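# Analysis of the macromolecular model
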Amino acid sequence: VFIDGVDVWELSDAQRSALRNHKMGFVFQFPSLLQSLNSVENVVLPTIFDQKKATKADVDRAIHLLELVGLSDKAAAYPRQLSAGQQQRVVIARALINDPELLLADEPTSNLDEQTAKEIMDIFHDIHMKNGITILLVTHTGEITTSGTRSIFMANGSIASDVAKISQN
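Report follows, based on the coordinates. These figures come from a predicted structure and were not determined experimentally. (Residues numbered from 1 in each chain as written. Predicted model: local features only at pLDDT ≥ 70, side-chain atom pairs only at ≥ 80, totals over all residues. Heavy atoms only, no water.)

By the secondary structure assignment, Asn-38 is in the loop between strand S3 (24-27) and helix H2 (39-44). Non-local contacts of Asn-38, meaning those with residues more than four positions away in its chain, are made with Ala-75, Ala-76, Ala-77 and Tyr-78. (Helix = DSSP H or I, 4+ residues; strand = E, 2+ residues; numbered from the N terminus. Contact = heavy atoms within 4.5 Å.)

Strand order in the open sheet formed by 3 strands is S3-S4-S5, with parallel pairing between adjacent strands. Strand pairing shows two members of the sheet lacking a second neighbour, S3 and strand S5 (134-138), which therefore form its edges. Between one strand axis and the next, the sheet turns through 15° on average, direction left out of account. Both S3 and strand S4 (residues 102-106) contribute to a ladder of 4 bridges, which runs parallel. Looking at the pairing, Val-27 lines up with Ala-105 of S4. Of the strands in this sheet, S3 and S4 are in contact with helix H1 (residues 13-23), which crosses S3 at around 75°. The sheet strands contacting helix H5 (residues 84-96) are S3 and S4, and the helix crosses S3 at an angle near 170°. (Pairing = 2+ DSSP bridges. Axes fitted to C-alpha atoms, helices over the stretch in contact; angles between N-to-C directions.)

Taken together, the side chains of Ile-152, Met-154 and Ile-159 present a nonpolar region at the surface, about 320 Å² in accessible area. One can find Ile-159 in strand S7 (residues 158-164). (Patch = residues over 30% accessible without salt bridge, like charges linked within 9 Å, V, L, I, M, F, W, Y side chains within 5 Å. Areas by Shrake-Rupley, 256 points an atom, 1.4 Å probe, with all protein chains shown as cover. Salt bridge = Lys/Arg side-chain N within 4 Å of Asp/Glu carboxyl O.)

Here is the structure:
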């Protein structure tokens, strides 16, 4: 696996961790928020791995990202006070805090109702279009693939089809 021309398997564990933290954002199927932290604190969390403490700029960016995902009024809320869709939005904001070039999303809508899933996909679309971030999304939900710029379908461990789409925006 090469990222920016670097073979990730030649990196030390610490170098791979730094690469993941700086070049990639992760959105998992289940929110994985820390229950003892509010929304802003959960979003800021990845910034402390390098500096041990979040800066005011990090907090300001976290608040901006919460606004971006439609949660400006939930900055002080704890995960237990948020719906599943709101929690997933916090996770998306957290994935963006370090300005990644690649966003990896594993079944990010499988735990959500149809309307919320569509809203989450709209957020991903906006992130890609406005920031140029590459989003690699894995899903079993075929309808979701219509919102991407490329769909690779796999069957039995092999690529069954690879379809690039012309962007409409």
